[in-house]
Amino acid sequence: MARRQALVASLELRIARFDTAIARGGLRQAGAFRFNPVADALLGAGGTSAEIGVSQEVELFGQRGIRISSAESGLMRARGDVANHARLTIGEVDRTFFRLTSANRRAELTQEILELTQRLASIAERQLAAGEISRLEYNLALVELGRSRARTLAAKRQRDETAAGFALLLGLGRNVVVIPVLDSAQHLPAGPAATETGADTRILVENAARLNPDSLIALALRNRGDLKARDAEVQQAQAEVSLVRREALPNLVARGVTERGDNGRQVIRPGIGITLPVFNRNQGAADARRAAANQAEASRNAATERARTEVVVAVGAYRAAAAQIEALESTVLAPARQNRSLLEIAYREGKVGLPVLLLIRNQVFDAELEYWSAWVEEREALANLSEATGQNIIDSMEGGQ
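Each chain carries its own residue numbering, running from 1 in the written order of its sequence. For this predicted model, a pLDDT threshold of at least 70 governs which residues receive local features, and a threshold of 80 or more governs which side-chain atom pairs are given and counted, while totals over whole chains, interfaces and linings are taken from all residues. Values reported for side chains reflect all heavy atoms of the structure, with hydrogen atoms and water molecules removed beforehand.

### Quick notes on the overall build of the protein
Line of reasoning, step 1. A helix here means a DSSP run of H or I that spans at least four residues, while a strand means a run of E at least two residues long, and both kinds are numbered starting from the N terminus. Within the protein, the regular secondary structure consists of 11 helices and four strands.
Line of reasoning, step 2. By the burial criterion, 39% of the 401 residues in the protein qualify as buried.
Line of reasoning, step 3. Sequence separation of at least 24 residues holds for 80% of the intrachain contacts in the protein that already meet a minimum separation of 6.
Line of reasoning, step 4. When the accessible area of the protein is evaluated, it comes to approximately 22100 Å², of which 56% is carbon and sulfur surface. Partly exposed describes any residue whose relative accessible area lies between the buried limit of under 20% and the exposed limit of over 50%, with all areas from a 1.4 Å probe on protein chains only and scaled to the type maximum. The criterion used for residue contact is that any of the two residues' heavy atoms lie within 4.5 Å. Note on areas: Shrake-Rupley, 1.4 Å probe, and residue coverage restricted to the protein chains presented here.

### Considerations on helix H4 (residues 135-169)
Line of reasoning, step 1. One less than the number of residues in a helix, times 1.5 Å, gives the span that helix is expected to have. Given a rise of 1.5 Å per residue, 35 residues ought to cover 51 Å, and the 51 Å separating the end C-alpha atoms of H4 matches this to within 8%.
Line of reasoning, step 2. Every buried residue of H4 is listed here: Tyr138, Ala141, Glu144, Leu145, Ser148, Thr152, Ala155, Thr162, Ala163, Phe166 and Ala167.
Line of reasoning, step 3. Buried residues in H4 make contact with helix H1 (2-9), helix H3 (63-129) and helix H10 (354-389).
Line of reasoning, step 4. With its phi angle positive at about 75°, Gly171 sits one or two positions after the end of H4.

### Here we look at the side chain of Ser102
Line of reasoning, step 1. By secondary structure assignment, the location of Ser102 is in helix H3.
Line of reasoning, step 2. If near-sequence neighbours (up to four positions away) are discounted, Ser102 is found in contact with Trp372, Trp375 and Val376.

### Remarks on the nonpolar core
Line of reasoning, step 1. To define a nonpolar core, start from buried Ala, Val, Leu, Ile, Met, Phe, Trp, Tyr and Cys residues and group those joined through side-chain atoms within 4.5 Å. Of all hydrophobic cores here, the largest spans 19 residues; its most connected members are Phe98, Phe166, Tyr371 and Trp375.
Line of reasoning, step 2. Of all the elements in the fold, those that place two or more residues in this core are H3, H4, helix H9 (283-348) and H10.
Line of reasoning, step 3. Ranked by residue count, the leading element in this core is H10, at five residues.
Line of reasoning, step 4. One finds Ala208, Leu219, Tyr318 and Leu382 within the second-largest nonpolar core, a separate group that totals 15 residues.

### Some thoughts on a nonpolar patch on the surface
Line of reasoning, step 1. Together, Val58, Leu60, Phe61 and Leu249 make up a nonpolar patch on the protein surface, roughly 300 Å² of accessible area in all.
Line of reasoning, step 2. Structurally, Leu249 can be placed in the loop between helix H8 (225-246) and strand S3 (252-260).
Line of reasoning, step 3. Under the relative-accessibility criterion, Leu249 is labelled partly exposed at 34%. Only residues whose relative accessible area exceeds 30% and that take part in no salt bridge are eligible for patches, with like-charged residues grouped when within 9 Å of each other and nonpolar side chains (Val, Leu, Ile, Met, Phe, Trp, Tyr) grouped when within 5 Å. A pair is scored as a salt bridge if a Lys or Arg side-chain nitrogen falls within 4 Å of a carboxyl oxygen belonging to Asp or Glu.

### Section: the pattern of salt bridges
Line of reasoning, step 1. For the coordinates displayed, the defined rule picks out 24 salt bridges.
Line of reasoning, step 2. Notably, a salt bridge pairs Glu161 with Arg157, separated by 3.5 Å at the nearest N-O pair. Pair noted here: Glu161 and Arg157 are both in helix H4, with a separation of four residues, about one helical turn.
Line of reasoning, step 3. For Arg157, a relative accessible area of 48% puts it in the partly exposed group.
Line of reasoning, step 4. Asp160 is the partner of Arg159 in a salt bridge, and the nearest nitrogen-oxygen pair spans 3.3 Å.
Line of reasoning, step 5. Accessibility expressed as a relative area gives 44% for Asp160, which makes it partly exposed.
Line of reasoning, step 6. Here the salt bridges share partners, and the residues they tie into one network are Glu92, Arg95, Arg99, Glu380 and Glu387.

### Notes on the environment of Ile15
Line of reasoning, step 1. Secondary-structure assignment places Ile15 in helix H2 (residues 11-30).
Line of reasoning, step 2. A C-alpha to C-alpha distance of 9.9 Å links Ile15 and His85, two positions 70 residues apart in sequence.

### Points about the packing of aromatic side chains
Given two aromatic rings, their pairing is described by the distance between the two centres and the angle made by the two planes.
Line of reasoning, step 1. Here a Phe, Tyr or Trp ring, Trp counted by its six-membered ring, pairs with any other such ring whose centre lies within 6.5 Å, and the pair is stacked when the planes are under 30 degrees apart, edge-to-face when over 60, and tilted otherwise. The final tally for this structure, using the stated rule, is five aromatic pairs.
Line of reasoning, step 2. Any Lys NZ or Arg CZ found within 6 Å of a ring centre and within 35 degrees of that ring's normal is scored as a charge over the ring. The ring of Phe33 carries Arg64 above its face, with NZ or CZ at 4.0 Å from the centroid.
Line of reasoning, step 3. Across the ring face of Phe98, the terminal group of Arg379 is positioned such that the distance to the ring centre comes to 5.4 Å.

### Here's the deal with the confidence of the model for the protein
Line of reasoning, step 1. The predictor attaches a confidence to each residue, called pLDDT, with possible values from 0 through 100. Across the protein, the average pLDDT comes to 85, with 89% of residues at or above 70.
Line of reasoning, step 2. Every residue in residues 185-199 scores below 50 in pLDDT, and together they form 28 contacts with partners more than four places removed in sequence or on other chains.

### Focus: the packing of helix H7 (residues 213-223) against H10
Line of reasoning, step 1. Orientation is described by lines fitted to C-alpha atoms, with helices fitted over the stretch in contact, and by angles between N-to-C directions that extend from 0 to 180 degrees. Two numbers describe how H7 lies on H10: the axes approach to 7 Å, and their chain directions differ by 50°. Taken together, the axes of H7 and H10 are oblique relative to one another. Contacts between H7 and H10 pair Leu216, Leu219, Ala220 and Asn223 from the former with Leu385, Ala388 and Thr389 from the latter.
Line of reasoning, step 2. When the residues that make up the contact of H7 with H10 are grouped by side-chain class, the tally is five nonpolar, two polar and no charged. To sort the angles, those under 35 degrees are grouped as roughly parallel, those over 145 as roughly antiparallel, those from 65 to 115 as roughly perpendicular, and the leftovers as oblique. Under the convention adopted here, Pro, Cys and the residues Ala, Val, Leu, Ile, Met, Phe, Trp and Tyr are nonpolar, Asp, Glu, Lys and Arg are charged, and Gly plus all remaining residues are polar.

### Some thoughts on the environment of Val376
Line of reasoning, step 1. Here Val376 is to be found in helix H10.
Line of reasoning, step 2. Note on Val376: relative accessible area 14%, which makes it buried.
Line of reasoning, step 3. Separated by 273 residues in sequence, Val376 and Ala103 have C-alpha atoms that sit 9.2 Å apart.
Line of reasoning, step 4. Filtering out sequence-adjacent residues up to four positions away, Val376 remains in contact with Phe98, Arg99 and Ser102.

### A word on the packing of H4 against H10
Line of reasoning, step 1. Contact pair H4 / H10: the axes reach a minimum separation of 10 Å and the direction vectors enclose 15°. In terms of their interaxial angle, H4 and H10 are classed as roughly parallel. In this structure, the crossing between H4 and H10 has a hand that is left-handed. In this structure, H4 contributes Glu137, Leu140, Ala141, Glu144, Arg147, Ser148 and Arg151 to the contact, and H10 contributes Leu354, Pro355, Leu358, Arg361, Asn362 and Phe365.
Line of reasoning, step 2. Counted by class, the contact of H4 with H10 contains six nonpolar, two polar and five charged residues. Each crossing gets its handedness from the near helix: less than a right angle anticlockwise from the far helix is left-handed, clockwise is right-handed.

### Things to note about the side chain of Glu368
Line of reasoning, step 1. Here Glu368 is to be found in helix H10.
Line of reasoning, step 2. The class of Glu368 is buried, set by a relative accessible area of 1%.
Line of reasoning, step 3. Setting aside anything within four residues of it in sequence, one finds Glu368 in contact with Leu109, Leu333, Arg337 and Arg340.

Right, here's the structure in full:
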């Protein structure tokens, strides 16, 4: 849903589509026959017309076919650029969507920590009044309360900024509230039950290990619109080199002349000629077109190598992020979440002191935030891989789970 909305709203994509319309017009013009005869008249004595002629230059070396081939390549290039803009737009939407999901959860988490800290500060205030704790411990509770408020404000600001950026991508108004909804439970981080077994994260790591960079590179070379556009650009440049060379060759000129015969009647006298490009043989234009063709080939080769690198980097990033999530869920998240539920009870019952409690609370907080940082990195890496290959790897990977 978000992807479709972004494709409709994207100004860059709309602008790119105009190139397709321009190229389509160029193809239509290239296919038109160049039948533009030249009429002339030779006046006789007294200003009367003595001779009327019509001539037409005829291309002999397939220039029209080359112009059509060049225009077809231009249309392919424009379509490839449109597809590439769509690929980049979808990639940015996916990344922003996952950032917003993480930002929402981080804002919720900081709010939960703030509420817990507020309760702890209230307990500490009563304990101070009863003489159970020192002023130093009470001040420590106040400091942590202030830090929690600052973290909550920062998390909400980041959430709002990300939501505003996401709304902009979708072409929505500033006052529209955007709430990301994941299409599948497979996208969600594992809950406490799954964390105990590590089942979800093991599957995540297994899927990451199954990724074959060579196959994905082949997929990218076959699918990506920018590479198709660069291939078409090379073909168009090569066609233009051939065209400028053939335009320097002589062409036939067919001519017909009407004149008054000896009997006073008009007669038609056919004629034939040939163009003679003596001085201007398109030498400069040919050099420019050859240089443009070489430039197009270099651009295509650079784009191909860049695509290969993007795929390899995205696979590596995805594997590293998946392994990080697996490590966090299997060894860190479960005990941290359990401690979070026991913190307030332990403090009320006097089992732990305030400094130890705040230390544990910060450990829990950092573990959760680190988890969500790893989660969004894994999601972004998968979005980058989809963008690099030009195929929706995200849905296919989740379907594999």
